[in-house]
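# Chain and residue survey
The residues making up each chain are set out below.
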Amino acid sequence: MTTSTRGASKAPAVLVLEDGRIFRGRAYGAVGETFGEAVFSTGMTGYQETLTDPSYAHQIVVATAPQIGNTGWNDEDDESRRIWVSGYVVRDPARVPSNWRAKRSLDDELVAQDIVGISGIDTRALTRHLRERGSMRSGIFSGEAVAAESELVARVQAQPHMKGASLYEEVATKETYVVPAVGEKKFTVAAIDLGIKGMTPHRMAQRGIEVHVLPATASVDEVYAVEPDGVFFSNGPGDPATADGPVALMTAVLERRTPLFGICFGNQILGRALGFGTYKLKYGHRGINQPVQDRTTGKVEVTAHNHGFAVDAPLDKVSETKFGRAEVSHVCLNDDVVEGLQLLDQPAFSVQYHPEAAAGPHDAAYLFDRFVSLMEGQRA
């Protein structure tokens, strides 16, 4: 939730955590108040893609890179129709953007979209605090919204938790739209929008796929009305334990044995459809430098992440499910969190991270080729 006014960027501001920790700085972006789950992102670049990623809905994002805003804001790199973060926390905002593509400053864009932020705080200390205590409810208050500390802490503690939050319908498209194939059309994919990033259908289009992006509430009949060669389930925000509708839809797709690919929230949906549980991570994985091993090849990838929940599936064995055998295909090398699943008896797989690489490394681009191979195999 955000209430704000424009301008007055030098107003005093405070970041308040639910455990009572207070950080004082100056307003950055819009002035007012906002609430969300405080999380940190370790990416050195790509703040525009981060801020417009729908998976960050209802979160106050802390940038661990010390200086933010150097490249300004352009009109090409947005991953969705708007900024989705509830608030933004930076240490040292750039005074002047310096990039030939920049149209305006990051500060100006935050003001234009009424995003309340804070600058000038010790983001290293804040990140260490969140690593030790875990992601937590928080609020940013600036200008006239600043009040007594006890009052602000009480207001933060009255906010809802991320655990149990159903957010994917809030960020998803309301109407189906089509991203045409680049060059010769080879396949048709129905993509379920749970918070999809714009680069994802683009990566598929580059491979000759016509992508029909459907609302999160799409029915089985609506999915198969586009005569898909494959079905894709996107990333998205919130607790996957609340996503009974997408789980039921994925179950129907698996029953038809249609080639299936999911990322991030889509990985958690596949986990639930296969009978595994999900759980909330202490502080999550967010950034563009997370090491993941593809256990099917042994290759280690540096990958882009944005998730606070994970699938609870065994790492040491193949599991029997109602759709055949399943195994963990990818694992995070920092903490052994499940980062991918695959079925061994039908064409379906998923990963927890972001192979579209916006922003981020391109190590995982092969996963879109793997999806193409599944559809080619099914067609053959």
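Within any chain, residue numbers begin from 1 and follow the written order of that chain's sequence. Selection of residues for local features in this predicted model requires a pLDDT of at least 70, selection of side-chain atom pairs for listing and counting requires 80 or more, and totals for whole chains, interfaces and linings are taken over all residues. Water and hydrogen atoms were dropped before computing side-chain values, which therefore reflect all heavy atoms in the structure.

Looking now at unusual backbone geometry. A negative phi angle is the norm for most residues apart from glycine, just as the trans form is the norm for most peptide bonds. A positive phi angle is found at R257, which is not glycine, with a value near 60°. Runs of E in the DSSP output that reach at least two residues are strands. Runs of H or I that reach at least four are helices, and both are numbered from the N terminus. Considering the arrangement of structural elements, one finds R257 in the loop between α8 (244-255) and β15 (260-263). Using a 1.4 Å probe on the protein chains alone, a residue whose accessible area is under 20% of its type maximum counts as buried, one over 50% counts as exposed, and one in between counts as partly exposed. Of the residues examined, R257 reaches a relative accessible area of 40% and is grouped as partly exposed. Here D336, not a glycine, exhibits a phi torsion of approximately 65°, which is positive.

Attention shifts here to the UniProt feature "domain: Carbamoyl-phosphate synthase small subunit N-terminal" (unreviewed entry) in the protein chain. UniProt positions are given in the numbering used here, feature names are shortened, and annotations may be inferred rather than shown by experiment. Cross-referencing UniProt, the feature "domain: Carbamoyl-phosphate synthase small subunit N-terminal" (unreviewed entry) maps to residues 11-141 in the present numbering. Its end C-alpha atoms 10 Å apart, residues 11-141 is made of 18% helix and 36% strand.

Moving on: the UniProt feature "active site" (unreviewed entry) in the protein chain. Using the residue numbers shown here, the UniProt feature "active site" (unreviewed entry) corresponds to C264, H354 and E356. For the residues just named, distributed over 93 residues, the greatest C-alpha separation is only 11.4 Å, placing them together at one site. Note on placement: C264 falls in the loop between β15 and α9 (265-273). Should any heavy atoms of two residues lie within 4.5 Å, those residues are counted as being in contact. Aside from chain neighbours lying at most four places away, what touches C264 is N235, N306, H307, V351, Q352, Y353 and H354.

Attention now moves to the nonpolar core. Only buried residues count toward a nonpolar core. Its members are Ala, Val, Leu, Ile, Met, Phe, Trp, Tyr and Cys residues joined through side-chain atoms within 4.5 Å. Formed by 34 residues in total, the largest nonpolar core has its most connected members in V223 and L254. Among the elements of the structure, β12 (187-192), α7 (220-224), β14 (230-233), α8, α9, β19 (324-332) and β20 (338-343) are those that each provide at least two residues to this core. Residue contributions to this core peak at 5 residues, all from α8. The contacts of L254, once residues within four sequence positions are left out, are L260, L270, A273, L274, F323, L343, Q346 and A348. The next biggest cluster of nonpolar side chains, apart from the first, holds 23 residues, and it includes V211, F232, V292 and Y353.

The next subject is the pairing of strand β17 (residues 300-312). In terms of burial, β17 is largely enclosed, as 10 of its 13 residues are buried. A pair of strands is considered paired only if DSSP assigns at least 2 bridges between the two. Pairing geometry for strand β16 (residues 277-294) and β17, over 11 bridges, is antiparallel. By the bridge assignment, Q290 is partnered in β17 with T303.

For the rest of this paragraph, the subject is the side chain of E49. Note that E49 resides in helix α1 (residues 47-51). Neither His nor the chain ends contribute to the count of charged residues, in which Lys and Arg are positive and Asp and Glu negative. Salt-bridge detection follows one rule: a side-chain nitrogen of Lys or Arg within 4 Å of a carboxyl oxygen of Asp or Glu. One buried charged side chain, E49, makes no salt bridge at all; its nearest oppositely charged neighbour is R101, positioned 6.6 Å away. The contact partners of E49, leaving out residues within four places of it in the chain, are D77, E79, A358 and A359.

Before going further, it helps to spend a moment on the packing of aromatic side chains. Each pair of aromatic rings taken from Phe, Tyr and Trp, with Trp reduced to its six-membered ring, is defined by centres within 6.5 Å and is described as stacked if the planes are under 30 degrees apart, edge-to-face if over 60, and tilted in the remaining cases. Tallied over the entire structure, the rule returns 7 aromatic pairs. On the numbers, 5.5 Å between centres and 80° between planes, the contact of F35 with F141 is edge-to-face. A residue pair is termed long-range when its members are at least 10 positions apart, and F35 in strand β4 (residues 31-41) and F141 in strand β10 (residues 136-142) qualify at 106 residues. There is no split in this pair, since F35 and F141 are both buried.

Attention now goes to the pattern of salt bridges. Within this structure, the stated rule accounts for 16 salt bridges. With a shortest N-O distance of 3.3 Å, D229 and R379 are connected by a salt bridge. With D229 in the loop between α7 and β14 and R379 in helix α10 (residues 366-379), the pair connects residues that are 150 residues apart, well separated along the chain. A network of salt bridges, in which partner residues are shared, links D75, R104 and E109.

Mapping T321 onto the fold places it in strand β18 (residues 319-321). Look at T321 and you get buried, because its relative accessible area is 13%. One polar contact links the side chain of T321 to the main-chain amide nitrogen of F323, over a distance of 3.0 Å. In the analysis that follows, any N or O atom pair within 3.5 Å is treated as a polar contact, provided that within protein one partner can donate a hydrogen and the other can accept it, and provided that, for residues neighboring in sequence, both atoms belong to side chains. Of note is the side chain of T321, whose polar atom sits 2.7 Å from the backbone oxygen of G324.

Further remarks concern the pairing of β14. The alternating pattern of β14 places G230 and F232 and V231 and F233 on opposite faces, both of which are buried. Relative to β14, β12 is paired through 4 bridges, and the arrangement is parallel. Residue pairing across strands places A190 opposite V231, the latter belonging to β14. Sheet topology places β14 next to β15; 3 bridges connect them, and they run parallel. Looking at β15, one finds that V231 is bridged to L260. Handedness of a crossover is defined as follows: with both strands directed away from the viewer, a clockwise route from the first strand across the helix to the second makes it right-handed. The parallel pair β14 and β15 is bridged by α8, and the resulting crossover is right-handed.

Moving on: the environment of I288. Mapped onto the elements, I288 comes out in strand β16. Put simply, I288 and A359 are 71 residues apart on the chain and 7.2 Å apart in space, counted from C-alpha to C-alpha. Non-local contacts of I288, meaning those with residues more than four positions away in its chain, are made with T42, G43, M44, T45, V302, T303, A304, A359, G360 and P361.

A patch is a set of surface residues, each over 30% in relative accessible area and not in a salt bridge, joined within 9 Å for like charges and within 5 Å for the nonpolar side chains Val, Leu, Ile, Met, Phe, Trp and Tyr. The method behind every accessible area is Shrake-Rupley, applied with a 1.4 Å probe, and residues are considered shielded solely by the protein chains displayed. The location of each charge is read from NZ of Lys, CZ of Arg, CG of Asp or CD of Glu. A grouping of R91, R124, R128, R131 and K282 is seen on the molecular surface, where their side chains present a positively charged patch. In terms of residue count, helix α3 (residues 123-133) provides more of the positive patch than any other element does, 3 residues in total. In this structure K282 comes out as partly exposed when scored by relative accessible area, which is 46%.

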